[in-house]
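Residues per chain, in single letters:
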Amino acid sequence: MPKILRTAGIVGTGSCLPEKVLTNKELEQKVDTSDEWIRTRTGVRERRLADNDTAASDLAVPAAVQALNDAGLSPEEVELIIVATITPDTIFPSTACLVQDRLGARNAAAFDLSAGCTGFIYALSVASQFISTGAYNNALVIGVDVLSKIVNWEDRNTCVLFGDGAGAAVLKGVPGGKGLLGLHLGADGSGGPLLNMPAGGSRLPASIETVKNKLHTVHMNGPEVFKFAVRIMGEASLRVLEQAGLTKEEVDFLIPHQANTRIIDAATKRLGLSKEKVYVNLERYGNMSSASVPVALDEAYRLGLIKRDYKIVLVAFGAGLTWGAAVLNWDLEPPERS
Ligand code: UT7
């Protein structure tokens with residue numbers, strides 16, 4: 001990491017999940033799948049789905065409000081908003097601008113960031129640079145995705161995997177030795193075709209043909225993404241620890257991207273961690289893409305599983321292909337409210 005003037009740390013978190021639950025049993029009625037296959041191959045039991053009227057910003061705003069309250073920051077005080085998402089309300093304006101307006105954060109700059117399921121870690125990294133240089137005093141970072149809106153509900157290879165949600169974190173300058181101790185980001189654009197939504201951009205604008213051919217939905221080569229994920233989750237975690245001058249024995253808690261328990265188990269093994277030190281919630285939510293890591297972080301924090309001075313590794317992989325890891329020295333007491 002380049003020389004930093006000031007360290008950024010997380011001073012508040014929040015999350016928002018749609019109420020509607022879709023179980024594996026219900027999915028059995030929609031596509032040729034089984035609860036047993038989904039559980040054993042992915043770990044997912046159920047997921048949350050946004051209703052027809054709910055878009056990314058509708059989940060992002062309550063998550064942001066909770067994070068701001070937790071941090072004791074008013075909307076007017078927010079200086080920067082970054083929304084990591086691949087399912088924005090609209091291609092433009094950005095979802096970050098919609099969130100800025102709805103929060104009344106009129107003094108904040110706002111933009112979206114797209115890095116697939118690694119989005120939140122990319123956004124955290126970008127926000128921390130602004131804080132480290134002193135350009136901004138704080139930043140609101142949100143990871144939100146509503147993948148149910150772009151999943152092909154006839155494709156059993158993908159529709160069983162995903163869920164909707166939003167997670168948020170507020171960053172501020174913190175004393176040296178606290179907060180973000182290391183960051184590692186990576187990308188391999190040659191893997192783009194392995195996980196994408198082919199139409200709806202300038203390459204293949206929406207047409208009757210693209211809609212008919214279901215090109216506005218998630219296309220994925222699951223086994224190839226799986227192999228990449230198993231390798232990169234461990235590698236990225238070790239890289240970020242090395243950068244922070246920490247050993248894997250010093251890791252107190254791991255918050256991995258919640259895509260598949262088999263992928264998480266591989267990363268856990270690579271780091272030599274016991275299962276109690278790894279947060280897993282994908283059985284309840286599925287893969288929430290950009291929201292996966294911040295929702296897991298918020299839950300683990302509220303459950304009191306993360307304590308002050310814990311060294312926490314966040315790690316994710318996603319479309320792009322992208323990957324990223326961050327290591328934090330956690331500086332918050334568990335909140336009193338649940
Ligand atoms: O955040 C990034 C997003 N992407 C990911 O994280 C995905 C990473 N990949 C994976 O998690 C796994 O590759 C999957 C869970 C997607 C698939 O598991 P897999 O062990 O790689 O299975 P597979 O794709 O090799 O398919 C094995 C079999 C196939 O049947 P045949 O050809 O062996 O007869 C599939 O057709 O399982 C079948 N299958 C299903 N069966 C029941 C695929 N999906 C399903 C399903 N229900 N939902």
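Residues numbered from 1 in each chain as written. Predicted model: local features only at pLDDT ≥ 70, side-chain atom pairs only at ≥ 80, totals over all residues. Heavy atoms only, no water.

**Let's talk about helix α8 (residues 222–244)**
In step 1: The first and last C-alpha atoms of α8 sit 32 Å apart over 23 residues, in line with the 33 Å expected at 1.5 Å per residue.
In step 2: By the largest-angle criterion, Ile232 marks the main kink of α8, which is about 25 degrees.
In step 3: Val225, Phe228, Ala229, Ile232, Met233, Gly234, Ala236, Ser237, Val240 and Leu241 are the residues of α8 that are buried.
In step 4: Sitting at the amino-terminal end of α8 is Asn221, which places a side-chain oxygen 3.2 Å from the backbone nitrogen of Glu224.
In step 5: Gly245 sits one or two positions beyond α8 and adopts a positive phi of about 70 degrees. (Helix = DSSP H or I, 4+ residues; strand = E, 2+ residues; numbered from the N terminus. Expected span 1.5 Å × (residues − 1). Bend = angle between axes of the 7 residues up to and from the residue. Buried < 20%, exposed > 50% of the residue type's maximum accessible area, 1.4 Å probe, protein only. Polar contact = N/O pair within 3.5 Å; in protein donor to acceptor, adjacent residues only side chain to side chain.)

**Some words on the site of the ligand**
In step 1: The immediate surroundings of the ligand are formed by 22 residues, with Thr33, Arg41, Cys117, His257 and Asn260 found nearest.
In step 2: At 2.6 Å from a nitrogen atom of the ligand is found a side-chain nitrogen or oxygen belonging to Thr33.
In step 3: Within the side chain of Arg156, an N or O atom sits 2.9 Å from an oxygen atom of the ligand.
In step 4: With the chains in place, 73% of the 950 Å² that the ligand exposes on its own is no longer accessible.
In step 5: Secondary structure elements with two or more residues in the shell around the ligand: α2 (35–42), α6 (156–159) and α8.
In step 6: Looking at which element gives the most residues to the shell around the ligand, the answer is α8, with four residues.
In step 7: Classifying every residue of the shell around the ligand gives eleven nonpolar, seven polar and four charged.
In step 8: Split by domain, the shell around the ligand shows at least three residues from each of two domains, domain 1 (7–177) and domain 2 (180–329). (Near = heavy atom within 4 Å. Areas by Shrake-Rupley, 256 points an atom, 1.4 Å probe, with all protein chains shown as cover. Nonpolar A, V, L, I, M, F, W, Y, C, P; charged D, E, K, R; others polar. Domains from an automatic or database assignment.)

**Describing the sheet that holds strand β6 (residues 138–146)**
In step 1: Taken in spatial order, the five strands make up an open sheet running β1-β7-β6-β4-β5, and their pairing is mixed. Strands at the two margins of the open sheet, each flanked by one partner only, are β1 (7–16) and β5 (109–113). Sheet twist, expressed as the average angle between the axes of neighbouring strands with direction ignored, equals 20 degrees.
In step 2: Across nine bridges, β6 lies against strand β7 (residues 164–174) in antiparallel orientation. Paired with Gly143 across the two strands is Gly167, which belongs to β7.
In step 3: Against the sheet, helix α11 (residues 292–302) touches β1, β6 and β7, its axis set at about 90 degrees to β1. (Pairing = 2+ DSSP bridges. Axes fitted to C-alpha atoms, helices over the stretch in contact; angles between N-to-C directions. Contact = heavy atoms within 4.5 Å.)

**So, the pairing of strand β13 (residues 322–329)**
In step 1: Most of β13 is tucked away, with eight of its eight residues classed as buried.
In step 2: Direction of pairing for strand β8 (residues 179–187) relative to β13: antiparallel, over a ladder of eight bridges. Across the sheet, Leu183 pairs through a bridge with Ala326, a residue of β13.
In step 3: Here strand β12 (residues 311–318) folds back onto β13 in antiparallel fashion, the turn holding three residues, of which Gly320 has a positive phi close to 145 degrees.

**Quick notes on the nonpolar core**
In step 1: With 41 residues, the main nonpolar core has Leu27, Val218, Leu241, Leu254, Val313, Val315 and Phe317 as its most contacted residues.
In step 2: Elements that contribute at least two residues to this core include exactly α8, α9 (261–271), β12 and β13.
In step 3: Sort the elements by how many residues they give to this core and α8 lands first, with eight residues.
In step 4: A domain-level breakdown of this core finds at least three residues from each of domain 1 (7–177) and domain 2 (180–329).
In step 5: Aside from chain neighbours lying at most four places away, what touches Leu254 is Thr268, Leu271, Leu273, Lys277, Val278, Tyr279, Val313 and Val315.
In step 6: The next biggest cluster of nonpolar side chains, apart from the first, holds 36 residues, and it includes Ala115, Leu171, Leu183 and Ile312. (Core = buried A, V, L, I, M, F, W, Y, C linked by side-chain atoms within 4.5 Å.)

**A short note on the domain arrangement of the protein**
In step 1: Split into domains, the protein comes out as domain 1 (7–177) and domain 2 (180–329).
In step 2: For domain 1 versus domain 2, the separation of C-alpha centres amounts to 13 Å.
In step 3: On the domain 2 side, the residues contacting the 55 residues of domain 1 number 48 residues.
In step 4: In total, domain 1 and domain 2 occlude about 3900 Å² of area from one another, counting both sides; carbon and sulfur atoms represent 61% of this.
In step 5: Here domain 1 is connected to domain 2 by one salt bridge.
In step 6: Arg302 is paired through a salt bridge with Asp70; the nearest N and O atoms lie 3.8 Å apart.
In step 7: Our enumeration of links across domain 1 and domain 2 arrives at 23 residue pairs in polar contact (both at pLDDT 80 or more).
In step 8: Element by element, the count of residues in the side of domain 1 that touches domain 2 is highest for helix α5 (residues 119–133), at eight residues.
In step 9: A breakdown of the residues in the side of domain 1 that touches domain 2 according to their chemical character gives 22 nonpolar, 24 polar and nine charged. (Buried area = accessible area lost by both parts, 1.4 Å probe. Salt bridge = Lys/Arg side-chain N within 4 Å of Asp/Glu carboxyl O.)

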